[in-house]
Amino acid sequence: MLFQLIFLVLATTNMVKAEEQKIIVVGGGLAGLSASLEIINGGGRVVLIEGEANTGGNSAKASSGINGAGTATQSNLGLTDSPSNLVSDTLSAGDNENNKNLVEILAANSADAVEFLRNVGVDLTDVNLCGGHSVARTHWIPSPKEGRPIPAGFEIMKRLRTKLDKIKAEDAELFELLTSTKMTKIIKEDGKVIGIEVENNEGRQIIHGNVVLATGGFSSDRSKDGLLIEFGGEKLEFPSTNGQFARGDGVKLARSIGAKLIGMNRIQIHPTAFVDPKDPKASTKFLAAEALRGKGALLINGNGERFGNELGRRDYLTGKILEESQEIGEHFQNGSGGQKSAIMLMNEKNVEAFGRPAFNFYAIVKKFFVKYENSDELADALKVDRKTVKETLENYVQIFNGKKEDPFGKRVFPVASILPNEPIYAAIVTPAIHYTMGGLEIDGNAQVISAQNEKPIEGLYAAGEVSGGVHGSNRLAGNSLLECVVFGRIAGQNALKYNQKSVREEL
Ligand SMILES: Cc1cc2nc3c(=O)[nH]c(=O)nc-3n(C[C@H](O)[C@H](O)[C@H](O)COP(=O)(O)OP(=O)(O)OC[C@H]3O[C@@H](n4cnc5c(N)ncnc54)[C@H](O)[C@@H]3O)c2cc1C
Ligand SMILES: *[C@@H]1O[C@H](CO)[C@@H](O)[C@H](O)[C@H]1NC(C)=O
């Protein structure tokens, strides 16, 4: 007994020292929370650092959903899909500039990623068809017939946080959360990352441990020495759909300790962000979810004509708006604030399919959409010939019914075409900086690669938008949330293995 006690005391003093280190996860978006939960599920402990007052990040804004290929939801809905389909859609969207190894890992783990979220209570039992996909596979929450809609990203982030809070309530040692606390430095010694420096209103502090970076992208990094100017100067003219916290801190701090960057000039402009009639020039805009076009929304220019395939790739459609649309004057819904813009049109059937409660948020709460009784009324408001708008709609009816080829190559025709004599909802939409494909180069274990020797930097992992390589030149809708879960979990698993290995070595 005494012998056992002495042994225990000796062993624990040694072990406490070695085990003391929690794994540091920086960023409380989907990548960070997925990594955290995976670490805890695997028997590790986490300290999560979040710069804002609350977790959520851009992940909480996501509205179209998360991709999964070959999921239970798809088969329940009678849809056939496979990881290899997702691989080919992803590579084709990314012009094969993608890191193929990462794409294969992404697709192979996609069904499991959707399950991971369903296991924390997210009801991902509906899918929608987004631009660039060969099949409906972007999982979201079925729209309730009435009452408030449940946006996918917000619900995912709420459920994950609830789960982590529950874990914390049961054992506070497992999950520590520091909010309003910013990472200001990554500390590397003898080639290994050994911790970070953080700053909050109590001052600066060093936290030791290996590090999972999940700080998101740099779509809002407009500062003079910022990444947008460095890598995408010409894109500064666009507004952004991202929160102000998307400053690229993880990218910049990791670069300063020798991390390799990849694809930094690949900055995705989303073709459709709403122009707010109350503030048409605002630099932060609400996204007009891809799912609106997925449910049949049409796009016309200020002349009342269609100008492109509404379900084409994001970069294609953005290009079309910039080439074939113009700015919209104040006479129509207070105008586009000087930006080249398009007008999004929907009818009642499109609205119904999208989900009326979610639509009402855009139409009634935000007043982005205005209702017109028919195409003539819309044409008058636009100050264009009534015949033009009528012909645009009649033409599309024929295309929709398979009587004509679409001149823009549209092949999938969701829900319903808009008839000239029925009520039409119209909103001004404009391209906005949405997502940064580039970031820290990682390998299949989510380890950050060194610029100097192309080898993993020991003790440093990255997942989510802070990393680069998965999406190539252009990201496919729904692949970002997926990347957060898949590589967040992989980063968590490997950070945990590395932690356990270091503990064993110390013992
Ligand atoms: C409006 C909108 C809609 C979208 N819709 C979809 C969609 O439907 N499907 C899809 O797949 N993708 C979508 N995306 C893209 C996707 O949401 C994001 O790319 C993804 O959520 C990024 O997740 P993340 O965990 O990497 O980063 P984030 O969720 O942005 O989280 C990063 C967190 O890190 C914190 N942070 C940053 N710097 C520091 C620091 N120095 N110290 C501490 N904390 C820091 C931030 O405050 C933030 O909370 C959408 C994006 C937007 C903006
Ligand atoms: C129209 O936009 C201007 C700014 O461009 C704004 O001051 C004004 O309030 C807006 N009008 C309405 C009706 O929202």
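For clarity, every value in this text was computed on a predicted model and none was experimentally measured. (Residues numbered from 1 in each chain as written. Chains lettered and ligands numbered in written order. Predicted model: local features only at pLDDT ≥ 70, side-chain atom pairs only at ≥ 80, totals over all residues. Heavy atoms only, no water.)

A. Structural view of the domain arrangement of the chain. As assigned here, the chain comprises domain 1 (24-223 + 437-506) and domain 2 (270-433). Distance from the C-alpha centre of domain 1 to the C-alpha centre of domain 2: 33 Å. Contacts between the two partners involve 24 residues from domain 1, matched on the other side by 18 residues from domain 2. For the pair domain 1 and domain 2, the two sides together bury roughly 1,600 Å², of which 55% comes from carbon and sulfur. (Domains from an automatic or database assignment. Contact = heavy atoms within 4.5 Å. Buried area = accessible area lost by both parts, 1.4 Å probe.)

B. Structural detail: the side chain of N210. By the secondary structure assignment, N210 is in the loop between β9 (203-208) and β10 (211-213). Residue N210 is classed as buried on the basis of its relative accessible area, which comes to 3%. Among the polar contacts made by the side chain of N210, one reaches the side chain of N499 at a distance of 3.4 Å. In contact with N210, not counting residues within four places along its chain, are Q21, I23, I24, G459, A495, Y498 and N499. (Helix = DSSP H or I, 4+ residues; strand = E, 2+ residues; numbered from the N terminus. Buried < 20%, exposed > 50% of the residue type's maximum accessible area, 1.4 Å probe, protein only. Polar contact = N/O pair within 3.5 Å; in protein donor to acceptor, adjacent residues only side chain to side chain.)

C. Up close: the site of ligand 2. Lining the immediate environment of ligand 2, one finds P277, K278, P280 and N334. Separating an oxygen atom of ligand 2 from a backbone N or O atom of P277 is a distance of 3.2 Å. The separation between an oxygen atom of ligand 2 and a polar side-chain atom of N334 is 2.4 Å. Considered on its own, ligand 2 offers 360 Å² of accessible surface; in the complex 39% of this is hidden by protein. Broken down by class, the residue content of the shell around ligand 2 amounts to two nonpolar, one polar and one charged. (Near = heavy atom within 4 Å. Areas by Shrake-Rupley, 256 points an atom, 1.4 Å probe, with all protein chains shown as cover. Nonpolar A, V, L, I, M, F, W, Y, C, P; charged D, E, K, R; others polar.)

D. Structural detail: the packing of helix α2 (residues 30-41) against helix α7 (residues 152-170). Interaxial distance between α2 and α7 falls to 10 Å at its minimum, and their mutual angle equals 35 degrees. Of the two possible hands of crossing, α2 and α7 adopt the one that is left-handed. On α7, the residues that touch L30, L33, S34, S36, L37 and I40 of α2 are I156, M157, L160, R161, K163, L164 and I167. Residues belonging to the contact of α2 with α7 are distributed by class as follows: nine nonpolar, two polar and two charged. (Axes fitted to C-alpha atoms, helices over the stretch in contact; angles between N-to-C directions. Left-handed = near helix turned anticlockwise from the far one by under 90°.)

E. Representation of empty space enclosed by the protein in the model. Enumeration over the complete set of coordinates arrives at two cavities of 30 Å³ or more. Empty space within the largest cavity amounts to approximately 50 Å³. Contributing to the lining of the largest cavity are G131, G132, E290, G312, R313, R314, N474, R475, L476 and A477. Residue composition of the lining of the largest cavity, by class: two nonpolar, four polar and four charged. Domain assignment of the residues forming the lining of the largest cavity places at least three in each of domain 1 (24-223 + 437-506) and domain 2 (270-433). One number sums up the size of the second largest cavity: a volume of about 30 Å³. (1 Å grid on protein atoms, 1.4 Å probe; cavity = no way out; pocket = protein on both sides within 12 Å on 5 of 7 lines; lining within 4 Å. Points joined across faces, edges and corners; volume = space filled by probe spheres on them.)

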